[in-house]
Structure formats: C-alpha cells, structure tokens
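Chain by chain, the residues run as shown.
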Amino acid sequence: MQHEISNFNYYNPTEIIFGKNRIPELKDLISTDKKILITYGGGSVIKFGTLDRIKSALSKHQVGEFGGIEANPTFETAMKAVELIKKEKYDFILAVGGGSVIDATKFIAAAVLFDGNPMDIFSGGIGKGTPITSALPFATVLTLPATGSEMNAGSVITFKEKQAKVSFGSPHVFPTFSILEPEITYSLPTRQLANGIMDAYIHIMEQYMTYPVGAMVQDRFSEGLLQTLIEIGPDVIDEENHDYNLRANFMWTATNALNKVLSPGVPQDWAAHQMGHEITALYHTDHARTLSIVLPALLKVRKEEKRAKLLQYAERVWHITTGTEDEKIDAAIEKTTAFFKSLGAPTSFKDIGLGEEVIEPLVAQLEKHQQTALGEHRTHDLAISREIYRMAL
Ligand code: NZQ
Ligand code: ZN
C-alpha cells in the first residue's frame, strides 16, 4: 500500500542566536523592565565562567538565581523555583544549561501560571494531563548539545518518589530565544559529548525509522543529519579537540535533530525513549546511554515492521549495497551498534552491570505509566517491550 504524507502544521517561534560571543547580546534581548530568574544546574556554569558572563551582560537588569537543578530534573526541585518566582514576582526565566535545566525551566514556567495542582500537567499515570493555557516567557543559553530542548516545546520531568520520568509538551513552552555558542561545549567531558551525539542520533531515528510515506525532504534531512553525526562523532568525543567548526556542526545537528523539522507529516516511533526513560527512573542511567542499549535490540525485534525503512537506511546512510535484503539490514544494525560502541556507549544491559533481574520491573513500570501501545502503529505492546529488553541483555 502506498502511504501518503499526512496533513501538518509546522510552527516554531524560537529565535536561534548562534555563534561566537553572543551572550553579551542578552542585554538587548530581554527588556530592562523584566525581573529575571536565572536557572542552572549543579555548578558547571559557575566553574566555567558562563554565569559571570551572563550576569555582566545583564548588569542593568534585575536578576536572581536558582541553581541546583539535577541531571534528570525532578519535580520536587522545580517546585522550589515555582515558589520562589511566585514569592519574588519574577516575570522572565533564563535557563542556562543542558536539557535538564531547560526542561525543568519549561515546567517551572508552566507551573507558575497553572491553575490547579501542577502534577496535573502530566499524564502517564501521574496526573490528569490537563493542557496548559499559558506560561511565563523564558529563554535559554545552551551548554550541552543533545536534547533539542532549546528549540522545541517538550520537557521530561522525574518524580523521585514515584520513580517516574514523564513528559509534557505545549506550544506555550517554546523558548523565546536560545543562545548557542559552540565554544561553550569546550568544557564538556567525553562522556557528555558522547551522550549528546547518541541522543541526537536516536532522536533522528525515532522520527525516521518507521515506514516510508514518500516524504523526500524529511527523509533526506534525516539521512544527512545521521551521516553528519557518523562523520563528526569520533572527533567530537575527543574532549581536547576544540575545533570550532566541529563543535558548531555538532551543536546545530543536535538542535535540528529535535526541533521537529524532521517529523511533519511522517509517522514517528519514540518507543526507544519510553523504554529508556524507565531504565533511568529505576537505575539512574544517563538518558543517552539507555537509548544506546534499547535501540539496537528494538531494530532487531521490529525488523519486519521497519523492513522498508531499514533497507533505505542501510543503503543511504551506511552505503550497504550488496547482499540480500536481510543481510543488508543486519549489516546496518551491526554498523549502528558498532558506532555506539565506538563512542564508548553501552549497547546491552550487561555493559552497565545489569542483567535478567531488570526485565520484569521495567515492564511493570511501562504498564504503570500507560506505555502499552507504542510505536508507529501503536502495536508495540508490553510483550514486545519485554522481548526488546530481553534482546538487550
Ligand atoms: O549540572 P551541571 O553542573 O551544569 O553539569 C551538567 C550535568 O552534570 C553537565 N554540563 C552541562 N553543560 C556543561 C556541562 N559540563 C561541562 N561543561 C558544560 N558546558 O552535563 C551534565 C548533564 O547535563 P544534562 O542537562 O542532564 O544533559 P542533557 O542535555 O543530555 O539533558 C538530559 C535531559 O534531557 C531530557 C532527558 O530525559 C534528560 O532528563 N530530554 C529532553 C528532551 C526534550 N526536552 O526535548 C528530549 C530528550 O529525548 C531527553 O529526553
Ligand atoms: Zn533523547
């Protein structure tokens, strides 16, 4: 059956301010009548001087700070910022960090103006999933290319006690603008650089590796970005390599991997992310490292549903042109796995010291969080998730 490109609206209001030494422009980007709360993480922005640069750019503004947002940001910490904003009447937030700080800030911006219990912003077994109708304006200074959160309207929050990692999204939480200075990535350690390459790679795969609908632009964009990551990955993970164009290409690829330019009108999967979030919730594994464990197993288990696209991927991304269909697909999955390994990423539970004992708890988590009909056809049920987790042992 010939599939068609679905109807779509494409909307992305985030202004990107990209390049060298763009932080000083903050002084004109935010009007001086705003009272700004700067949000940040565990202190890398202090250690590497970014916060000082921002404060000096905003020397004419009224500014406060909220630090201590964790990697995999928690609801509990974000709610402290919500209280602070209400008490001290901030009306603009500037997130300085990676996906965690930006995601937390999106939730904070929404929760401050939410009428009701902010837990209800979430669904997935946590709250009522009430759509938000407004949010405080906020912007970002990105310090870690990976999630695309700087140019999208999604956020993933962890509920510590409930051991849940759930997302929400709304057009109200697009950043107003995001500053992307590739030189800010020079302080990143290899592990985070590798995480960034993998997260971006798998964001592209979630939007591409489904079934063909004849979307030539979306497909070629995806294949171009995947090839860029394969080409630059080995150099990017060298933390000493401060080649400007290398890091600029890395940063812009990661942003485009999840600013939704790849997915209008095409089917999407996102099962690797849902399955990966449960691994982080129970075992605190870095987000990207859960994906590199799940994706190769998922491609093997879902090979028939994804056959046509796997072949396209084999030929166009990995240039595999000889062999039977099955040989080409198997070789493409092999090459994908080898690429992740070359970045130092785990590709099995064994690689992170986990085994058989994790399977049932992870499947139970998926059930609890209503992740029982995943994938591009919504046919990826708990039995299939179990098979994938098992394949990843
Ligand atoms: O906390 P600090 O001290 O700042 O250190 C951070 C953190 O420990 C450090 N770091 C960040 N920039 C640095 C730096 N260290 C040195 N130099 C710099 N320039 O890196 C560590 C990891 O930061 P984090 O923000 O947690 O990483 P990432 O950007 O990978 O974000 C991961 C989070 O984003 C969510 C994930 O689930 C996870 O919670 N995601 C958000 C998405 C979205 N909003 O669209 C999509 C993604 O799929 C993902 O789920
Ligand atoms: Zn991700």
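Basis of the calculations
- Residues numbered from 1 in each chain as written.
- Chains lettered and ligands numbered in written order.
- Predicted model: local features only at pLDDT ≥ 70, side-chain atom pairs only at ≥ 80, totals over all residues.
- Helix = DSSP H or I, 4+ residues; strand = E, 2+ residues; numbered from the N terminus.
- Rg over C-alpha atoms; globule rule 2.2 N^0.38 Å.
- Buried ≥ 20, exposed ≤ 12 C-beta atoms within 10 Å, placed from the backbone.
- Contact = placed C-beta atoms within 7 Å.
- Pairing = 2+ DSSP bridges.
- Axes fitted to C-alpha atoms, helices over the stretch in contact; angles between N-to-C directions.
- Near = placed C-beta within 6 Å.
- Nonpolar A, V, L, I, M, F, W, Y, C, P; charged D, E, K, R; others polar.
- Domains from an automatic or database assignment.
- UniProt positions renumbered as here; feature names shortened; annotations may be inferred.
- Core = buried A, V, L, I, M, F, W, Y, C linked by C-beta atoms within 7 Å.
- Left-handed = near helix turned anticlockwise from the far one by under 90°.
- Parallel < 35°, antiparallel > 145°, perpendicular 65-115°, else oblique.
- pLDDT = per-residue confidence, 0-100.

Quick notes on the overall build of the protein
The secondary structure content of the protein amounts to 14 helices and eight strands. For 393 residues, the compact-globule estimate of 2.2 N^0.38 gives 21 Å, and the C-alpha radius of gyration of the protein, at 21 Å, lies within 12% of that figure. If one aligns the C-alpha atoms of the protein with their principal axes, the spans along those axes are about 65 × 45 × 45 Å. With 393 residues in all, the protein has 48% of them scored as buried. Within the protein, contacts between residues at least 6 apart in sequence are counted, and of these 78% link residues at least 24 apart.

A closer look at the sheet that holds strand β8 (residues 177–180)
With parallel pairing, the six strands of this open sheet are ordered in space as β1-β8-β5-β4-β2-β3. Each end of this open sheet is capped by a strand with a single partner; those strands are β1 (15–18) and β3 (62–66). Within this sheet the neighbouring strands show an average axis-to-axis angle of 20 degrees, counted without direction. Relative to strand β5 (residues 138–142), strand β4 (residues 92–97) runs parallel, the two being bridged by five bridges. Following the sheet pairing, L94 is matched in β5 by A139.

A short note on the site of ligand 1
In the vicinity of ligand 1 lie 34 residues, with G41, G42, A71, G98 and G99 positioned nearest. If you list the elements that add at least two residues to the shell around ligand 1, you get α2 (44–47), α5 (99–112), β6 (154–159) and α6 (190–208). Considering only residue class, the shell around ligand 1 consists of 10 nonpolar, 22 polar and two charged. Shared between two domains, the shell around ligand 1 holds at least three residues of each, these being domain 1 (15–184) and domain 2 (190–392).

A closer look at the UniProt feature "domain: Alcohol dehydrogenase iron-type/glycerol dehydrogenase GldA" (unreviewed entry) in the protein
Within this numbering scheme, the UniProt entry marks residues 13–182 as carrying the feature "domain: Alcohol dehydrogenase iron-type/glycerol dehydrogenase GldA" (unreviewed entry). Taken end to end, residues 13–182 comprises 26% helix and 25% strand; its first and last C-alpha atoms sit 22 Å apart.

Observations concerning the domain arrangement of the protein
According to the domain assignment, the protein contains domain 1 (15–184) and domain 2 (190–392). With centres defined by C-alpha atoms, the gap from domain 1 to domain 2 works out at 26 Å. Contacts between the two partners involve 18 residues from domain 1 and, on the opposite side, 26 residues from domain 2. Considering every element that reaches the side of domain 1 that touches domain 2, the biggest residue donor is strand β7 (residues 164–169), with three residues. For the side of domain 1 that touches domain 2, a count of residues per class yields eight nonpolar, eight polar and two charged.

Some thoughts on the nonpolar core
Within soluble globular proteins, side chains that are nonpolar generally end up buried alongside one another. In this structure, I93, L94, I108, I197, M198 and V294 are the most contacted members of the largest nonpolar core, which totals 112 residues. Sorting elements by how many residues they give to this core places α6 first, with 10 residues. Looking at this core, you find at least three residues from each of domain 1 (15–184) and domain 2 (190–392).

Let's talk about the UniProt feature "domain: Fe-containing alcohol dehydrogenase-like C-terminal" (unreviewed entry) in the protein
In the UniProt entry, the feature "domain: Fe-containing alcohol dehydrogenase-like C-terminal" (unreviewed entry) is given for residues 194–375. Across residues 194–375 one finds 64% helix and 0% strand; the C-alpha atoms that close the span lie 26 Å apart.

Some remarks on the packing of helix α13 (residues 359–368) against helix α14 (residues 382–391)
Relative orientation of the contacting elements α13 and α14 amounts to 145 degrees, with a least axis distance of 10 Å. Between α13 and α14 the crossing geometry is right-handed. Contact residues: α13 offers I359, L362, V363, L366 and E367, while α14 offers L382, S385, R386, Y389 and R390. Here the residues of the contact of α13 with α14 sort into six nonpolar, one polar and three charged.

Side note on the packing of helix α4 (residues 75–88) against α5
Two numbers describe a pair of packed helices, the interaxial angle and the distance between the axes. Packing of α4 against α5 brings their axes to within 9 Å, and their N-to-C directions diverge by 45 degrees. By the angle between their axes, α4 is oblique relative to α5. Classified by chirality, the crossing of α5 by α4 is right-handed. Contacts from A78, A81, V82, I85 and K86 in α4 reach A104, F107, I108, A111 and V112 in α5. Across the contact of α4 with α5, the residue classes break down as nine nonpolar, no polar and one charged.

Regarding the confidence of the model for the protein
Residue-level pLDDT values for the protein average 97, and 100% of them are 70 or greater. With pTM at 0.98, the complex prediction returns an ipTM value of 0.99.

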